[in-house]
Amino acid sequence: MNKSVLIRGGTVVNADREFRADVLCVDGVIAAVGESLTAQAPAGCSVVDAGGQYVLPGGIDPHTHMNFPFMGTTTVDDFYSGTSAALAGGTTSIIDFVIPNPKQPLMEAYRIWRSWAEHAASDYGFHVAITWWDESVHRDMGTLVREEGVNSFKHFMAYKNAIMCDDETLVNSFRRSLELGAMPTVHAENGELVFLLQQEVARMGITGPEGHPLSRPPMVEGEAANRAIAIAEVLGVPIYVVHVSCQESADAIARARARGQRVYGEVLAGHLVIDDSVYRDPDFTRAAAHVMSPPFRSKPHQEALWRGLQSGQLHTTATDHCTFCAAQKAAGQGNFAKIPNGCGGVEERMAVIWDAGVNSGRLTPSEFVAITSANTAKLFNLYPQKGLVAPGADADLVVWDPSGHKTLSAKTHHSKNDFNIFEGRTVQGIPTHTLSQGKLVWVDGDLRTVPGAGRYLKRPAFGPQFTANALRAQVEAPTAVER
Ligand SMILES: [Zn+2]
């Protein structure tokens, strides 16, 4: 079944260029890219007519939470439903998160998440969160990098009294990441300020979802981004800031990059097109459905994020797909701080960003590929297995119809969630076909995913150049004190 697929007559788009070519996929990998490959296609080869369409590397979403136990409940999407939704939208790989509870051994949490992910329909990898520190964490980080193919560690600077990482843990883990050639990543929000502001907002009598953004203003994010970047600079380690949502943190990244620091920023599709007016919706269910952290921001912040992507100061796009249904969100009736944080989007990201980014002229198709797959593949060491249409790469591909339309809705999406933050938005530019490991899994609205078909992606550590900034910091450090 579908051992080979020929995609004929399309325009291949990579991050560096676009060109007319057929793409032949055999046994899960791209066998050939070139003109008129029909003669080379094996007998029984499936043929996809891509005339008038683009052929893109499958999307990579580096920020999802499937099957995630959080704030007293568990997300409705598991690894199968979540990756199926992803494939329906043209995303063929996810990088999810192993999140140990404080004091839980890292390897124990890692094995639990790996078992949950066995049902995934698409390929997947894991970042591992560092939520506490001792000698065993130091040791297990080494095991994860050297034996398990984890090359990135996540640090929550928010969620006090839960998974928040203090500066001591941050410093220890950044130093260890540097030693191992792994990328430290941060959720940048000052958890102490959020904790205080949540109480102050409640004391003002604001208990509904409109209190959520008031307790997490942009400078709370800006402070944490600046602090994490400063710590990374002192230690000489690269750093990746997840879900940059506002001007303050985008500026922090741009300033550091101008100083020559290796700092990378991720933007969520939702933050690019949804603004904070959603929290003032009088309907609790709708407002609470948008509660995630960092929250949606006012429109000028959206513009700052687009400018960051256009200028290359921000690098990747993701969704933070983390789905809680209305019944779960209801836990925060009367106390916005108890609304489970998270929104969906893994299926919609590609179309939303194409529609708002490429159709508007902000991005070229190649720039779209850069921020939806290629940059992520490079930063997390999956390139060129992923993020590139070329012989030898995985046959994870999307046939993209730039004139196709769709109205996004919870009624038609493939997530198990009962709400869609993009509800009613009509997008132009949609996937007609998705190939995962060379198999057609989405064909004109027909979803053919298979539980367990996804493979775990091992991501090797970075090489010695990774520490170049550290060496520079050490060279600069011992300057003589002159009196
Ligand atoms: Zn997240």
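The structure we're discussing is the one just above.
What comes next concerns the included structure. Because the structure is predicted, anything quoted here is derived from the model rather than measured.

The next subject is the packing of helix H4 (residues 167–180) against helix H7 (residues 218–235). H7 packs onto H4 with a crossing angle of 45° between their chain directions and a minimal axis gap of 10 Å. In this view, H4 runs oblique relative to H7, as classed from their interaxial angle. Considering only the axes of H4 and H7, their crossing is right-handed. For the pair formed by H4 and H7, the contact residues are Asp167, Leu170, Val171, Phe174, Arg175 and Leu178 on the first element and Arg227, Ala228, Ile231, Ala232 and Leu235 on the second. By residue class, the composition of the contact of H4 with H7 is eight nonpolar, no polar and three charged.

With that settled, consider empty space enclosed by the protein. Taken as a whole and assessed by the stated rule, the structure comprises six cavities of 30 Å³ or more. Empty space within the largest cavity amounts to approximately 120 Å³. Looking at the largest cavity, it is lined by 17 residues, and the ones nearest its centre are His65, Phe70, Tyr159, Ser293 and Asp320. A per-class count over the lining of the largest cavity returns eight nonpolar, seven polar and two charged. Approximately 90 Å³ is the volume found for the second largest cavity.

This part covers the coordination of the zinc ion. Coordination of the zinc ion by the protein involves His63 (NE2), His65 (NE2) and Asp320 (OD), with metal-donor separations of 2.0 to 2.3 Å. Read in sequence order, the donor residues coordinating the zinc ion give the pattern H-x1-H-x254-D. Here histidine 65, found in the loop between strand E6 (59–64) and strand E7 (69–70), pairs with aspartate 320, found in the loop between strand E15 (316–318) and helix H12 (326–329); they are 255 residues apart in sequence, far enough to count as distant. Relative accessible area serves as the criterion here: at 4%, histidine 65 is assigned to the buried category. By relative accessible area, aspartate 320 is classed as buried at 9%.

Put simply, side chains in a regular strand alternate between the two faces of the sheet. The buried count for strand E10 (residues 123–129) comes to seven of seven residues, which makes it a mostly enclosed element. What you see with E10 is no split at all: Asp123, Gly125, His127 and Ala129 on one side and Tyr124, Phe126 and Val128 on the other are buried throughout. Here six bridges tie strand E9 (residues 91–98) to E10, and the two strands are oriented parallel to one another. Bridge pairing in E10 links phenylalanine 97 to histidine 127. Handedness of the β-α-β unit built from E9, helix H2 (residues 106–116) and E10 comes out right-handed. As judged from the two bridges shared by E10 and strand E11 (residues 152–156), these two strands associate in the parallel manner. If you follow alanine 129 over to E11, its bridge partner there is lysine 154. Considered for its hand, the β-α-β crossover made up of E10, helix H3 (residues 135–148) and E11 is right-handed.

Membership of the largest hydrophobic core comes to 70 residues, with the highest contact counts inside it found for Phe174 and Val186. Residues contacting valine 186, with those up to four places away along its chain left out, are His155, Met157, Leu170, Phe174, Ala228, Ile239, Tyr240, Val241 and Val242.

Before going further, it helps to examine the side chain of asparagine 417. The residue asparagine 417 is located in the loop between strand E16 (397–407) and strand E17 (426–436) in this model. Residue classification places asparagine 417 among the buried residues on the basis of a relative accessible area of 8%. If we ignore the near neighbours within four places in the chain, the residues touching asparagine 417 are Val76, Thr323, Phe324 and Cys325.

The geometry of two aromatic rings is summed up by the distance between their centres and the angle between their planes. The tally for this structure, following the rule as stated, stands at 16 aromatic pairs. An angle of 90° between the planes, with centres 5.2 Å apart, marks the rings of phenylalanine 70 and tyrosine 159 as edge-to-face. On the criterion of sequence distance, the pair formed by phenylalanine 70 in strand E7 and tyrosine 159 in the loop between E11 and H4 is long-range, its members being 89 residues apart. What makes tyrosine 159 buried here is its relative accessible area of 15%. Three or more aromatic residues link up through ring pairs in this structure, and these residues are Phe79, Tyr110, Tyr124, Phe126 and Tyr456. A cation sits over an aromatic face here: arginine 17 above phenylalanine 19, 4.2 Å from the ring centre. The ring of phenylalanine 97 carries lysine 154 above its face, with NZ or CZ at 4.0 Å from the centroid.

Another aspect to go through is the layout of surface pockets. The space that makes up the largest pocket amounts to roughly 440 Å³. Lining the largest pocket are 20 residues, with Met71, Tyr159, Lys160, Gln198 and Ala337 positioned closest to its centre. By residue number, the principal contributor to the lining of the largest pocket is helix H5 (residues 191–203), which donates six residues. Tallied by class, residues from the lining of the largest pocket come to ten nonpolar, seven polar and three charged.

Turning our eyes to something else, we now look at the side chain of threonine 91. For threonine 91, the position within the fold is in strand E9. Excluding residues that lie within four positions of it along the chain, threonine 91 makes contacts with Gly59, Ile60, Asp61, Ala86, Val346, Arg349 and Met350.

This next bit is on helix H13 (residues 349–358). Residue pairs three or four apart in sequence face the same way in an α-helix, which turns once every 3.6 residues. Of all the ten residues making up H13, ten are buried; the element is thus mostly covered by neighbouring parts of the structure. Within the span of H13, buried status applies to Arg349, Met350, Ala351, Val352, Ile353, Trp354, Asp355, Ala356, Gly357 and Val358.

Before going further, it helps to spend a moment on the environment of alanine 188. By the secondary structure assignment, alanine 188 is in the loop between strand E12 (183–187) and H5. Using a relative accessible area of 2% as the deciding quantity, one classes alanine 188 as buried. Separated by 220 residues in sequence, alanine 188 and leucine 408 place their C-alpha atoms 30 Å apart. What alanine 188 contacts, discounting residues up to four positions off in sequence, is Met157, Glu221, Ala224, Ala225 and Val241.

Mapping glutamate 179 onto the fold places it in helix H4. As for glutamate 179 and valine 237, which are separated by 58 residues in sequence, their C-alpha atoms are 9.2 Å apart. Polar contacts involving the side chain of glutamate 179 include one to the side chain of arginine 176, which spans 2.5 Å.

About the cut-offs
- Every chain is numbered on its own, with residues counted from 1 as its sequence reads.
- Reporting in this predicted model follows two pLDDT cut-offs: at least 70 for local features of residues, and 80 or more for side-chain atom pairs to be given and counted; totals over whole chains, interfaces and linings ignore these cut-offs and use all residues.
- As a rule here, side-chain values come from all non-hydrogen atoms in the structure, and water together with hydrogens is ignored.
- Fitting a line to C-alpha atoms yields each axis, with helices limited to the stretch in contact; the angle taken between N-to-C directions then spans 0 to 180 degrees.
- Helix and strand assignments follow DSSP, with helices taken as H or I runs no shorter than four residues and strands as E runs no shorter than two, numbered in order from the N terminus.
- We call two directions roughly parallel when the angle between them is under 35 degrees, roughly antiparallel when it is over 145, roughly perpendicular when it lies between 65 and 115, and oblique otherwise.
- For a crossing to be left-handed, the near helix must be turned anticlockwise from the far one by less than a right angle; the clockwise case is right-handed.
- Any two residues whose heavy atoms approach within 4.5 Å at even a single point are treated as in contact.
- Any residue that is not Ala, Val, Leu, Ile, Met, Phe, Trp, Tyr, Cys, Pro, Asp, Glu, Lys or Arg is counted as polar, Gly included; the first ten are nonpolar and the last four charged.
- Only protein atoms enter the 1 Å grid used here, on which a cavity is any set of points holding a 1.4 Å probe that cannot leave and a pocket is any open set flanked by protein within 12 Å on both sides along at least five of seven lines; residues with an atom within 4 Å of a point are listed as lining.
- Grid points are joined across faces, edges and corners, and a volume is the space filled by probe spheres set on the points.
- Excluding water, the donors of a metal are its N, O and S neighbours within 2.8 Å, or within 3.2 Å for Na, K and Ca, and that exclusion means sites may look incomplete.
- Only protein chains enter the accessibility calculation, which uses a 1.4 Å probe; a residue whose area is less than 20% of its type maximum is buried, one above 50% is exposed, and one in between is partly exposed.
- At least two DSSP bridges between two strands are required for those strands to pair.
- Whether a crossover is right-handed comes down to one check: with the strands pointing away from the viewer, does the path from the first strand over the helix to the second run clockwise; if it does, it is right-handed.
- Side-chain atoms within 4.5 Å link the members of a nonpolar core, which is a set of buried Ala, Val, Leu, Ile, Met, Phe, Trp, Tyr and Cys residues.
- For Phe, Tyr and Trp, rings pair up if their centres lie within 6.5 Å, where Trp contributes its six-membered ring, and each pair is then called stacked (planes under 30 degrees apart), edge-to-face (over 60) or tilted (otherwise).
- Only Lys NZ and Arg CZ are tested; either one counts as a charge over a ring when it is within 6 Å of the ring centre and within 35 degrees of the ring normal.
- Under this definition, polar contacts are N or O atom pairs within 3.5 Å; protein pairs additionally need one hydrogen-donor-capable and one acceptor-capable atom, and for neighbouring residues in sequence, both atoms have to be side-chain atoms.

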